[in-house]
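# Results of the structural survey
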Amino acid sequence: MNTHQSEQVARPNAAVNVPYRAGADSLGVPCPSPVYRAPNAAIVLSASGGLGTSTFAALLAQTLHGLHDDRDCALVDADLSGGGLDVLLGMESELGVLLNAVTAPLGEVDGVALRRRLTAWDGVDVLSSRPWISPMPQDWEIAVTVCALAEMYDMVVVDAGRAGYSPGEAIPLPLKGSAMILLIELSVLGTARAQACIEALTGRGGRRLSDYRATLANRTASGTVTEDDIALVGVLPPTARASARGVIGVDEAAEYLGIDVLCSIQSDARLCAAILEGTGLLKPNRTNAKALRTVASWLDARRAGSARTMGNWERR
């Protein structure tokens, strides 16, 4: 499906979202780097594999919609190495467009037309993907798609899969201004991986550098991800309890990483069983539902410009 811009719609980000161009033009002049901004998008990443990024992204979108009935939310499956979000949600038989079919030949995606072809899951419109069926769009095309949906919805939650450890590759999409929700395993190895991801996201070498404030100001001016854009969510290792040996507490993880851990989530046997059986997602248990509401509140506060001034977050 070609969903390029075919009708006039309001595009407040049009001035800053430009088509991707790599390398140099025919005269050898270097082309500018792409800039795609979606401030009302939340990109869900994981610092380790197997933390349930897709499940968390889906439940977060469900929570955001449920907290405000009049809030439109979209869920995008941009896990380039995974996909199959529609199968996870138990809606693979629904007829709807896949991300694989979206193209942006002129650097534009028609958000109005795309919205009409999305399928709904519990009040959330879903754009799933299946990388095993056909090639996925290029990263800039996915970014343009997210920006187009961000103009149509109050909030867009993006399942971006595993974060990278190298600067420029930490986020699989060239998006700026979006919230980053990083799932971290509450273990020694998990926090080490999380630190590498945070350094790749922010470009920081450490918070104790004498010029940290100047570095932060420069990154903010250039649009690079800052610590204020990142929310950490702790994930208890499978089958482990919070008091188990080898499990790191959220306070200890926050002190090590230099960023508050908003909350933690734990394994839910009932939810896991439903996923394995392919019957779709169930409602989260009470503890995890509270954690999801904490993240949703952080997203609301961030959009209001006060995400880091709300005091201590209630942690579980």
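Note that this is a predicted model, so its numbers are computed, not measured. (Residues numbered from 1 in each chain as written. Predicted model: local features only at pLDDT ≥ 70, side-chain atom pairs only at ≥ 80, totals over all residues. Heavy atoms only, no water.)

Next up on the list: the overall build of the protein chain. Along the backbone of the protein chain there are nine helices and ten strands. For the protein chain, with 316 residues in total, the buried portion stands at 50%. Long-range contacts, defined as pairs at least 24 residues apart, comprise 77% of the intrachain contacts of the protein chain with a sequence gap of at least 6. With an accessible surface of roughly 14700 Å², the protein chain has 51% of that area assigned to carbon and sulfur atoms. (Helix = DSSP H or I, 4+ residues; strand = E, 2+ residues; numbered from the N terminus. Buried < 20%, exposed > 50% of the residue type's maximum accessible area, 1.4 Å probe, protein only. Contact = heavy atoms within 4.5 Å. Areas by Shrake-Rupley, 256 points an atom, 1.4 Å probe, with all protein chains shown as cover.)

Attention now goes to the packing of helix H5 (residues 188-202) against helix H7 (residues 250-257). The interhelical angle for the contact between H5 and H7, taken along N-to-C directions, is 40°, at an axis separation of 10 Å. Between H5 and H7, the interaxial angle falls into the category oblique. H5 and H7 meet at a crossing whose hand is right-handed. Contacts between H5 and H7 pair Thr191, Ala192, Ala194, Gln195 and Ile198 from the former with Ala253, Tyr256 and Leu257 from the latter. Within the contact of H5 with H7, the residues separate by chemical class into six nonpolar, two polar and no charged. (Axes fitted to C-alpha atoms, helices over the stretch in contact; angles between N-to-C directions. Parallel < 35°, antiparallel > 145°, perpendicular 65-115°, else oblique. Left-handed = near helix turned anticlockwise from the far one by under 90°. Nonpolar A, V, L, I, M, F, W, Y, C, P; charged D, E, K, R; others polar.)

Right, let's get into the sheet that holds strand S6 (residues 155-162). Within the open sheet, the eight strands sit side by side as S4-S5-S3-S6-S2-S8-S9-S10. Their pairing is mixed. Each edge of the open sheet is held by one strand with a lone partner, namely strand S4 (119-121) and strand S10 (261-265). Taking the axes of each pair of neighbouring strands and ignoring which way they run, one obtains an average angle of 25° across the sheet. In this structure, strand S3 (residues 73-77) lies alongside strand S5 (residues 124-127), joined through three bridges in parallel fashion. Pairing of leucine 75 across the sheet is with valine 126, part of S5. Those strands touched by helix H1 (residues 53-67) are strand S2 (41-46), S3, S4, S5, S6, strand S8 (179-185), strand S9 (230-235) and S10, and its axis lies near 170° from that of S6. Along the sheet, H5 contacts S2, S6, S8 and S9; its crossing angle with S8, the most-contacted strand, is approximately 160°. (Pairing = 2+ DSSP bridges.)

With that settled, consider the pattern of salt bridges. Using the criterion set out here, one finds five salt bridges in the structure. For the salt bridge of aspartate 122 with lysine 283, the shortest nitrogen-to-oxygen distance reads 3.2 Å. Note that aspartate 122 is positioned in the loop between S4 and S5 and lysine 283 in the loop between helix H8 (269-277) and helix H9 (286-303), a separation of 161 residues in sequence. The residue arginine 302 makes a salt bridge to aspartate 229 at a minimum N-O spacing of 3.1 Å. Linking arginine 302 in helix H9 with aspartate 229 in the loop between helix H6 (212-222) and S9, this pair joins segments that are 73 residues apart in sequence. By relative accessible area, arginine 302 is classed as buried at 16%. (Salt bridge = Lys/Arg side-chain N within 4 Å of Asp/Glu carboxyl O.)

Think of an α-helix as 3.6 residues a turn; residues three or four steps apart then line up on the same face. The first and last C-alpha atoms of helix H4 (residues 139-150) sit 16 Å apart over twelve residues, in line with the 16 Å expected at 1.5 Å per residue. Among the twelve residues that make up H4, eleven are buried, leaving the element largely enclosed by the rest of the structure. Buried residues of H4: Trp140, Glu141, Ile142, Ala143, Val144, Thr145, Val146, Cys147, Ala148, Leu149 and Ala150, and no others. (Expected span 1.5 Å × (residues − 1).)

It is worth spelling out the side chain of threonine 145 at this point. Counting through the fold element by element, threonine 145 comes out in helix H4. Dropping the residues within four chain positions of it, threonine 145 is found in contact with Leu99, Val102, Val109, Leu114 and Leu127.

Contact pair H1 / H9: the axes reach a minimum separation of 9 Å and the direction vectors enclose 70°. What the angle tells us is that H1 and H9 run roughly perpendicular. Where H1 crosses over H9, the handedness of that crossing is right-handed. Seen from H1, the contacting residues are Phe56, Leu59, Leu60, Thr63, Leu64 and Leu67; seen from H9, they are Leu292, Arg293, Val295, Ala296 and Leu299. A per-class count over the contact of H1 with H9 returns nine nonpolar, one polar and one charged.

Before going further, it helps to examine the side chain of aspartate 77. Relative to the helices and strands, aspartate 77 is located in strand S3. In this structure aspartate 77 is buried but unpaired, with arginine 130 as the nearest side chain of opposite charge at 7.8 Å. A polar contact of 3.0 Å, which involves the side chain of aspartate 77, links it to the backbone nitrogen of leucine 85. Setting aside its immediate chain neighbours within four residues, aspartate 77 contacts Gly83, Gly84, Leu85, Leu99, Leu127, Ser128, Ser129, Met136 and Asp159. (Lys, Arg positive; Asp, Glu negative; His and termini not counted. Polar contact = N/O pair within 3.5 Å; in protein donor to acceptor, adjacent residues only side chain to side chain.)

Before going further, it helps to examine the pairing of S6. By the criterion of burial, S6 is predominantly enclosed, with seven of the eight residues buried. Taken together, the five bridges between S2 and S6 define a ladder with parallel strand orientation. Bridged to alanine 41 within S6 is valine 156. Sheet topology note: the S3/S6 ladder contains five bridges and is parallel. If you follow leucine 75 over to S6, its bridge partner there is valine 157.

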